[in-house]
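Architecture and fold: a report
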Amino acid sequence: MNRNLKDGLNFFSKVTPARAWNALKNVSSYVESKMTGKPVHRGLPIAISIEPTTSCNLRCPECPSGLRSFTRPIGMLEEQLFKQTIDELSKTLLYLTFYFQGEPYLHPKFLELVKYASQKGIYTATSTNAHYLSDANAKRTVESGLDRMIISIDGTTQDVYEQYRVGGNLSKVIEGAKNIIRWKKELKSSTPHVIFQFLVVKPNEHQMEEAKQLTKEIGVDEIAFKTAQIYDYENGSDLIPTIDKYARYVQQTDGTYKIKNKLLDHCWKMWHSCVITWDGLVVPCCFDKDGEYRLGDLKKDTFETLWHSQPYHNFRQSLVRSRSEIEMCKNCTEGTKVWG
């Protein structure tokens, strides 16, 4: 059976009547909000991202975690806070991503957290730089029930890879991927569905075909080519690729750059998903890297209380009215991932 089809069937196997009903409430609430101009929400999120930690072993140039440029503190997700949140949402939550900033495997109980959510029948995913996928961790990963694993591999040779993944070791990444694939076979498991994510930047764009070949050789399920978000793009950057398809930015006649895609004046993320930081803050989406738009604190309120709170209502109202009111939204290029 096709690997993507297997992953799709696995995902849909997680859909229960309660989760399907909640998804329907999400969609209908969003449609009504768009039609009336008044934000309503009758459900709970379909998907959430939760941050195990902000710590990271690498120094990637366009990553707040790698650059250590956060104003919010570095720390580790508390197990009790995590379990409390999952217990509250598990009946309606379909998709859980263990990632926001930082390297998830640096959390000492990361795989225990994955197992807890997996046992609730939630589709679980994570994104990793793969430097901690030792033989033992690879086995525990497969046993945890993790459904999807994204491995960042931004080059096929060390000299190219390290230009973006500063401080990284490509051989460790490849070894880690092989460990996961081997233990999937040993344990006769179809999960996790493993994806090589290749962030296309100018220094590595010539290695895209080699990355496809490496994916096949190792037995990784698929490869995804992703466009890079660059914070100070206006005057250009050595990271902006020359291949137009993979560039979020375009040069103007005066030599400066602008975002290529038109800002769509709608966003349904505020209806179906959110991000929870390691210390329990709820923020709108993954573009709020520094937690500027804080809509609630799970150490003070239940998730349902803050999801339907006045601050969330006001934020959804501003989105319904005009995304251009929100500074964070201006550099959002949702939908710029290209699958290969």
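The text that follows walks through the structure, step by step, so that each part is easy to find.

Reading the values: the criteria
- Residues numbered from 1 in each chain as written.
- Predicted model: local features only at pLDDT ≥ 70, side-chain atom pairs only at ≥ 80, totals over all residues.
- Heavy atoms only, no water.
- Helix = DSSP H or I, 4+ residues; strand = E, 2+ residues; numbered from the N terminus.
- Polar contact = N/O pair within 3.5 Å; in protein donor to acceptor, adjacent residues only side chain to side chain.
- Contact = heavy atoms within 4.5 Å.
- Buried < 20%, exposed > 50% of the residue type's maximum accessible area, 1.4 Å probe, protein only.
- Pairing = 2+ DSSP bridges.
- Arc of directions from axis to C-beta.
- Axes fitted to C-alpha atoms, helices over the stretch in contact; angles between N-to-C directions.
- Parallel < 35°, antiparallel > 145°, perpendicular 65-115°, else oblique.
- Left-handed = near helix turned anticlockwise from the far one by under 90°.
- Nonpolar A, V, L, I, M, F, W, Y, C, P; charged D, E, K, R; others polar.

Focus: the side chain of Thr277
Within the fold, Thr277 resides in the loop between strand S9 (273–276) and strand S10 (281–283). Within the structure, the side chain of Thr277 is placed 2.6 Å from the side chain of Asp279, a separation counted as a polar contact. Apart from the residues within four sequence positions on either side, Thr277 is in contact with Glu51, Arg72 and Phe100.

Thoughts on the pairing of strand S1 (residues 47–50)
The alternating pattern of S1 places Ala47 and Ser49 on one face and Ile48 and Ile50 on the opposite face, and all of these are buried. Looking at chain direction, S1 and strand S2 (residues 95–98) are connected through four bridges and run parallel. Bridge pairing in S2 links Ser49 to Thr97. Note: S1 against S9, four bridges, orientation parallel. Directly across from Ser49, in S9, lies its bridge partner Val275.

Details of helix H6 (residues 135–144)
Within the span of H6, buried status applies to Asn137, Ala138, Thr141, Val142 and Ser144. All buried residues of H6 fall inside an arc of 160° around its axis, so they share one side. Summarising the contacts, the buried residues of H6 are in contact with helix H5 (110–118), strand S4 (148–152) and helix H8 (170–186). Just beyond H6, the residue with positive phi is Gly145, at close to 90°.

Topic: the environment of Lys83
Summarising the element assignment, Lys83 is placed in helix H4 (residues 79–89). The partly exposed category is assigned to Lys83, whose relative accessible area is 24%.

A word on the environment of Glu175
Here Glu175 shows up in helix H8. Residues Glu175 and Glu209, spaced 34 residues apart in sequence, show a C-alpha to C-alpha distance of 20 Å.

Observations concerning H5
If you check which residues of H5 are buried, you get Phe110, Leu111, Leu113, Val114, Ala117 and Ser118. One side of H5 carries all its buried residues, which in axial view fall inside an arc of 155°.

Some points on the side chain of Thr141
Take Thr141: it is sitting in helix H6. Here the side chain of Thr141 touches Tyr105 through a polar contact of 2.7 Å, side chain to side chain. The residues contacting Thr141, other than those within four sequence positions of it, are Tyr105, Leu111, Leu133, Leu146, Met149 and Ile180.

Looking at the packing of H6 against H8
Describing two packed helices takes the angle between their axes plus the distance from one axis to the other. Running from amino to carboxyl end, H6 crosses H8 at an angle of 50°, the nearest separation of the two axes being 8 Å. Relative to H8, the element H6 lies oblique. Of the two possible hands of crossing, H6 and H8 adopt the one that is right-handed. Side by side, H6 and H8 meet where Asp135, Ala138, Lys139, Thr141 and Val142 of the first sit next to Asn179, Ile180, Arg182, Trp183 and Lys184 of the second. For the contact of H6 with H8, the class distribution of residues is four nonpolar, two polar and four charged.

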